[in-house]
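Structural overview
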Amino acid sequence: MRIPTRPEPRDGRASEKAPARGFWFARDVPTAFWLLLTVMAVLVHRQLPQSGWLMIHLLLLGAVTHAILVWSQYFSFALLRRAVTHTDRRTQNIRLALSNAAVVLVLLGVLLAIWPLSLLGAAALIVAVLWHAASLVRRLRGSLPGRFGRTVRYYVAAAGMLALGAALGGWLARGDAAPRLVLAHALLNVLGWIGLAVAGTVVTLWPTILRTRADAAAAVGAARALPLLAAGVLVAAAGAAFAVLPIIALGLAGYLAGLGIIGVSLGRAARSRPPRSYAALSVGLALVWWAGCVVALIVALLAASVDGTGLAGFLPALEQIVPFLAAGFAAQVLLGALSYLVPVVLGGGPTPVRVGTSWFDRAGVLRVTVANTALVVCALPVSSLTRVAASVLYLVAMASFLVIMMLAMRAQRRAKAEAGDPARAASASPTVRGPRTPEGERPPESRAGQAVAGLLAVVLVVAVGAAVDPLPSRAGVQAQGTAQSDPNAPVKTVQVHAADMRFTPDRIEVPAGTRLVIELTNTDKAQVHDLVLANGTGGTRLSPGQSARIDVGVITADVDGWCSIIGHRQAGMTLTVVATGAGASGGGQAAHSGSGSGSGSGADAGRGAMSGMSGMGQATPGPGFTPRSAVLDPLPPAEGPVTRRVTLTVTDTKTEVAPGVEQTLWTYNGTAPGPTLHGRVGDTFVVTLVNHGTMGHSIDFHAGSLAPDRPMRTIAPGQSLTYTFTATRAGIWAYHCSTMPMSAHMANGMIGAVVIEPPDLAPVDRSYVLVQSEFYLGAQGGEVDVDKVDADTPDLVVFNGYANQYDHAPLVAKVGERVRVWVLDAGPNRATGFHVVGGQFDTVWAEGAFLLDHSPNTGSQVLALAPAQGGYVELAFPEAGDYPFVSHYMIDAERGAHGVFAVAP
């Protein structure tokens, strides 16, 4: 980069000499490392938690942030004509090490759901970036800046934005993913930190890459633009924090005005010498994506304001635009800048620099054309296969930079060595001997051929994708009772929002003969939703903020629609398309039996799976059967209250619930019920809930007394929260998912127990925990049948998640031993009467009170519990033998609530 290290030439171009070149290049090596990690994350994103978040942060927080911290220091020394001292080198090394360690802590903290780790990383990043800003301020105050020296203020302002954004990110990492705060965080970091740093750099970098004079008004324009850009980001972020869309739009409009001021000077430079090299084309198109994305954000804000959907209506558009800000703007400007800077900073004289530049230019037009055309394709309403193929083309075009960079550096180093050894230079290969003409300086025909080849590659991919996976509008999927697809039919497009177990609007009137297109947006805070229609269309599950375009086809009769997520249809999440006019047929299209999971469609299959279950007690588990341990181990001694940290991870787990019967359960840590938590009165539990399921989930601990609003909220897939409570009262307490419909979530496995021992609990020889619950079976391998839940007709009633498991693996005891059995009725619907056949209880403790306490001459035969109630019983067995234990609701004992104590002499 031609940055002035001495008084600027009169022609207005910057000097090519830069200070301490090797030092600066070596410090930017981690940028390539972060880029490599980004590429790897893209390749394996389906196996990564929170893959979208991770990829964006690896690129923006990792690669781009490191590059800004390195090169803004480099530019400041050059523009302010200061020499790099030993102290400067040492402090820069420490700052970069601190910032990279901070990024690692942030990423690990979020992925592992350890908020203190993320908070520590955010704090370390704030320290590093403010230290960086302070060094720039000191250098600026101690210098007599030249014409462009005051652009260093851009870097100072950018650092302030990152400090604010990192502080907000640290808060968000604890699980408070309020969309308005996420938006403010994104604006501060992307448009503030990255945007201001890029704006301050391109003022001098752009004409230098083009090898032309800077515009005469560039310095003055940059000074005028900075207040608009900085104020625009702050105003937009404040508007986002308070969810005021007009304020966000006002801030972005000011920001766009600042970009326009800088853009005038950049445009004049480009007119004098159009961009030809890879570096110039990449940076130039990145600036176009930058401005275009800001315009798109403003348009989306205005649209959301006009249609009254507010922030919820804007968030889907934001989710679609942010990837283009990252891929089109940030990634391209980074690679373009490095393609120019690396050869210049490696140096070695004109010939080696030219060799390095020629390598970075290789297939430059082809790479730029493929990358940007592929991005345009991804922005269009194409099929998912076409979008994936275009994304792969983009990734190949951009990732090739890493290979080219390695080859370019090797060639330039060889050229530098041979420049000082004439004999070696004479025998060098043509690739290294003498300068190779960069492609940007070749005849236009060469560049035009690459551009055509790039366009043809993308067009071919689009054509193949359209043939293999056409858009739904061409699929012509129609159910009986609807007209066939007519490409010439008029089209009606309706926007539908899914939130709070409702579709809005939930009734759509369409003239008969009109093709209906539904643009569905999930505006819920945490719940996953979809829309399935009775004619077979729809069905794509959407996380909060996501959108989908559903081509319903030509409407000739009424069509019913619903959300197919378990229980959502039963909770009222339905929609009706009404055909109006002369062409409407008399009958409506009702739901067919196979549409939508959880709508009762699996009932017949479930009953088939349960045929003969009345003989369940005689069924034998398969060879892989492992009973769940019911043993409650004694707590280790402790002096005073203990803090107990637990992570509960939600997953969809295929589980055997009876011999030969499998269901896909929603589980905490892979089991249903979830793990039993155990402590004493006064202990504090810090529970991290991580949702790796396919829909929104939550957790409600009865063992803690606190306001439910925050800790019991539903979190979307990929999110986490921390739930902290202190056990102030003894008991066996339930925990369960409280996401609606709660009955379905609990019946599908999302239950567990917390045993809190009172201070004076007497010791026993053996202690067991039994959690009774019900299963309402769907199809084999499927999920809960919500219609059975509503009708209260369970197929299985079980202890610890498996029918009759303790018949096949009895609980053990010895004659005369004192045995305590903690029992929790987790429901969701059935009460229990816990009874041990042949045994009598001398101690019965139910819901915090003793009915009997070591009674010498009275006893109890049953522990009666309603759903969500718990207690314990104690007994001693008088002689050896097998003592069955059951729920004395006998129909439930026959459904699987049955086990055996095997008592030895």
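Please refer to the structure placed before this passage.
Rules of the game
- Residues numbered from 1 in each chain as written.
- Predicted model: local features only at pLDDT ≥ 70, side-chain atom pairs only at ≥ 80, totals over all residues.
- Heavy atoms only, no water.
- Core = buried A, V, L, I, M, F, W, Y, C linked by side-chain atoms within 4.5 Å.
- Buried < 20%, exposed > 50% of the residue type's maximum accessible area, 1.4 Å probe, protein only.
- Contact = heavy atoms within 4.5 Å.
- Salt bridge = Lys/Arg side-chain N within 4 Å of Asp/Glu carboxyl O.
- Helix = DSSP H or I, 4+ residues; strand = E, 2+ residues; numbered from the N terminus.
- 1 Å grid on protein atoms, 1.4 Å probe; cavity = no way out; pocket = protein on both sides within 12 Å on 5 of 7 lines; lining within 4 Å.
- Points joined across faces, edges and corners; volume = space filled by probe spheres on them.

Attention now goes to the nonpolar core. Core analysis: the largest hydrophobic core is formed by 149 residues, its most contacted members being Trp290, Phe314 and Phe329. The residues touching Phe314, leaving out its near neighbours within four places in the chain, are Leu183, Leu245, Leu297, Ala300, Leu301 and Ala304. One finds Leu542, Met573, Leu575 and Ala744 within the second-largest nonpolar core, a separate group that totals 59 residues.

Let us look at the pattern of salt bridges. According to the stated counting rule, one finds 12 salt bridges in the structure shown. For Asp892, the salt bridge goes to Arg830, with nearest N and O atoms at 3.1 Å. Residue Asp892 is found in helix H22 (residues 890-894), and its partner Arg830 is found in the loop between strand E20 (818-827) and strand E21 (832-836); the two are separated by 62 residues along the sequence. Here Asp892 falls in the buried class, since its relative accessible area comes to 0%. A salt bridge links Asp892 to Arg895, with the nearest nitrogen and oxygen atoms 3.0 Å apart. Several salt bridges converge on common partners, so that one network encompasses Asp792, Arg830, Asp892 and Arg895.

This brings us to empty space enclosed by the protein. For the structure on display, the rule yields six cavities of 30 Å³ or more. Its boundaries defined by the atoms lining it, the largest cavity holds a volume of some 250 Å³. Lining the largest cavity are 17 residues, and of these Ile68, Trp71, Val198, Thr201 and Ala337 sit closest to its centre. Secondary structure elements with two or more residues in the lining of the largest cavity: helix H3 (51-79), helix H7 (179-210) and helix H11 (310-346).

With that settled, consider the side chain of Ser265. By the element assignment, Ser265 lies in helix H9 (residues 245-272). Contact partners of Ser265, with chain neighbours within four places excluded, come to Asp215, Ala217 and Ala218.

Okay, helix H12 (residues 350-360) next. The element H12 is largely enclosed, with a buried count of eight among its 11 residues. Where H12 is concerned, the buried positions are Pro352, Val353, Val355, Gly356, Thr357, Ser358, Trp359 and Phe360.

It is worth stressing that arrangement in space is one thing and function is another; only the former is reported here.
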